[in-house]
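Below, each chain spelled out in residue letters.
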Amino acid sequence: MTVRSIPLALLLALASPAFALAQTVAPERPPEACGMTDASARFGGLEVGMEVTLQRHRSVGGDENWDPAMAHFLGRVARITRLASVDEAGCPGVRVDLDGGTWFWRARDLGIGTGPQLRPARTATSVSAGGFPQQCHQDEARPEYGPAAPGAEVVLGRHRAVDGDDNWAAEMEPFVGRTARVVDFAGVDGAGCPGVRVDLDSQQWFWRVRDLRLPSAPGAPPVVGGTPPPARTGVTHDHGRPAAVIAPSGPTGSEGLFGPTTSAIPQACGFTDATVQWGPVAVGTAVVLGRHRDVGGETNWSDEMTPFVGRTAHVTELIGVDDQGCAVAHIDADGGAWFWRVRDMQIP
């Protein structure tokens with residue numbers, strides 16, 4: 001029997017670090033799903049010390065949990081310093097060294113390793129919990145509407161971006177989270193997403209089917225004016241806010257979004273001008289401004305407010321409530337230009 005010798009070049013290649021790396025099993029991807037809790041959070045193969053590439057958050061139920069200041073770190077390699085539980089949408093996240101642990105980065109949107117990574121695409125048959133088709137790029141002649149038939153009651157949701165297109169107007173914001181009745185099919189928009197017309201806005205706007213919910217579906221936002229959902233607790237639920245905004249803990253006080261605080265600022269919404277509660281906040285009170293959390297699909301937020309987040313200001317006027325029944329006030333830092341929700345303030 002003839003024994004063939006192995007070329008030296010091949011032996012060197014087999015022994016090289018590059019070959020060994022190629023045989024290494026890739027880390028498990030973090031789960032795509034959100035809606036988790038502190039107790040059920042799953043991070044896949046992510047571990048403290050692992051290198052990841054930071055990527056922009058995708059919207060989950062209209063919530064991106066994103067701050068414009070995070071864009072500075074996009075595409076850059078960072079090392080995980082902490083597995084940080086879940087955010088308000090129930091998406092697991094991490095803290096990293098690159099930004100000093102300032103921001104909450106959703107695990108589902110991280111690139112594993114030191115290069116950008118394409119994320120899993122939704123399949124053509126994916127549907128929401130309520131049965132609404134999630135796919136876009138549909139044939140204009142045969143769009144799929146699922147349960148969004150004329151006469152059906154639906155809860156309106158903010159459009160998530162598809163290929164960078166969210167087909168959204170600021171005038172639609174007041175209707176988010178509210179129940180409406182479908183009046184007619186509206187075909188597909190520029191991204192191929194099916195939509196409907198509803199009675200609540202007098203059929204003025206195109207509402208994407210993929211962002212609708214049934215009033216009784218799991219995870220549906222509460223109807224405006226209904227019982228507000230309980231606020232999440234724990235310092236990890238900070239919606240990408242700087243760590244400096246997190247209030248210090250104390251021996252007394254209420255359990256708020258950032259953990260135990262001494263300020264006892266009411267967290268509930270669903271108030272009226274006659275029943276609104278302000279807690280310790282009054283005209284002249286010094287407060288640290290926070291980004292508004294979503295209530296029933298509505299944040300009552302403008303990008304122009306972002307530069308003020310984390311700053312200390314003084315309350316100049318107690319306004320009343322906004323459309324979600326959240327107490328709002330004017331402050332001196334912006335000259336009274338914006339409504340600031342009291343529930344997202346902290347007393348330094």
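Bear in mind that the values here come from a model prediction, so they are computed numbers and not experimental data.

Across its full length, the chain holds 2 helices and 15 strands. For the chain, contacts bridging at least 24 residues in sequence account for 59% of all contacts bridging at least 6. A total accessible area of about 16,600 Å² is found for the chain, and carbon and sulfur atoms account for 55% of it.

Below, the discussion takes up the pairing of strand 8 (residues 194–198). Of all 5 residues in strand 8, 4 are buried; the element is thus mostly enclosed. Judged from the 4 bridges that link them, strand 7 (residues 179–188) and strand 8 form a sheet pairing that is antiparallel. Looking at the pairing, Asp184 lines up with Arg197 of strand 8. Count of turn residues in the strand 7/strand 8 antiparallel hairpin: 5 residues, of which Gly192 carries a positive phi of about 75°. As judged from the 2 bridges shared by strand 8 and strand 9 (residues 207–208), these two strands associate in the antiparallel manner. Bridge assignment links Val196 to a residue of strand 9, and that residue is Trp207.

This part takes up the layout of surface pockets. Estimates place the volume of the second largest pocket at around 820 Å³. Tallied by class, residues from the lining of the second largest pocket come to 9 nonpolar, 11 polar and 12 charged.

This part covers the side chain of Gln324. By the element assignment, Gln324 lies in the loop between strand 13 (312–321) and strand 14 (327–331). Assessed through its relative accessible area of 7%, Gln324 is described here as buried.

The predicted model of the chain averages 76 in pLDDT, with 74% of residues at 70 or higher. Here strand 10 (residues 255–256) stands out as the least confident element of the chain, with mean pLDDT 32; strand 9 is the most confident, with 95. Of the regions scoring below 50 in pLDDT, residues 120–125 engages in 7 contacts with residues more than four places distant in sequence or in other chains. Counted against residues more than four places away or in other chains, residues 218–262, with its pLDDT under 50, gives 109 contacts.

Turning our eyes to something else, we now look at the pairing of strand 7. Of the strand pairs in this sheet, strand 6 (residues 153–155) and strand 7 are connected by 3 bridges, and their pairing is antiparallel. Looking at the pairing, Glu153 lines up with Arg181 of strand 7.

Attention now goes to the state of the cysteines. Within the structure shown, the criterion is met by 3 disulfides. What pairs with Cys34 in a disulfide is Cys91, and their sulfur atoms sit 2.0 Å apart. Here the S-S torsion is close to 105°, and the disulfide linking Cys34 with Cys91 is therefore right-handed. Here Cys91 lies in the loop between strand 2 (77–86) and strand 3 (92–96) and Cys34 lies in the loop between helix 2 (17–23) and strand 1 (51–53), a separation of 57 residues in the sequence. Take Cys91: its relative accessible area is 0%, and that puts it in the buried class.

Attention now goes to the packing of aromatic side chains. Following the criterion strictly, the structure yields 5 aromatic pairs and no others. On the numbers, 5.6 Å between centres and 85° between planes, the contact of Trp301 with Trp340 is edge-to-face. Here Trp301, found in the loop between strand 12 (286–288) and strand 13, pairs with Trp340, found in strand 15 (residues 340–341); they are 39 residues apart in sequence, far enough to count as distant. For Trp301, a relative accessible area of 16% puts it in the buried group. With relative accessibility at 1%, the residue Trp340 sits in the buried group.

Basis of the calculations
- Residue positions are given per chain, counting from 1 as you read along its sequence in written order.
- In keeping with the model being predicted, local features are shown solely for residues with a pLDDT of at least 70 and side-chain atom pairs are shown and tallied solely at 80 or more, while totals for entire chains, interfaces and linings include all residues.
- Side-chain measures here rest on the full set of heavy atoms in the structure, leaving out hydrogens and waters.
- Numbering goes from the N terminus for both helices and strands, where a helix is a DSSP run of H or I of at least four residues and a strand is a run of E of at least two.
- The criterion used for residue contact is that any of the two residues' heavy atoms lie within 4.5 Å.
- All accessible-area figures derive from a Shrake-Rupley calculation using a 1.4 Å probe, and residue coverage is judged against the displayed protein chains alone.
- Buried residues are those whose accessible area, probed at 1.4 Å on protein chains only, stays under 20% of the maximum for their type, while exposed residues exceed 50% and partly exposed ones sit between those limits.
- Should DSSP find at least two bridges between two strands, the strands are taken to pair.
- Cavities and pockets are found on a 1 Å grid laid over the protein atoms alone: a cavity is a set of points where a 1.4 Å probe fits but cannot escape, a pocket is an open set with protein on both sides within 12 Å along at least five of seven lines, and a lining residue has an atom within 4 Å of such a point.
- Grid points are joined across faces, edges and corners, and a volume is the space filled by probe spheres set on the points.
- In this count, Pro and Cys sit with the nonpolar residues alongside Ala, Val, Leu, Ile, Met, Phe, Trp and Tyr, while Asp, Glu, Lys and Arg are called charged and the others, Gly among them, polar.
- Each residue carries a pLDDT score, the predictor's own confidence in it, on a scale running from 0 to 100.
- Sulfur atoms of two cysteines make up a disulfide when they are within 2.5 Å.
- Pairing of aromatic rings covers Phe, Tyr and Trp, the last counted by its six-membered ring, and requires centre-to-centre distances within 6.5 Å; plane angles under 30 degrees mean stacked, over 60 mean edge-to-face, and any other angle means tilted.

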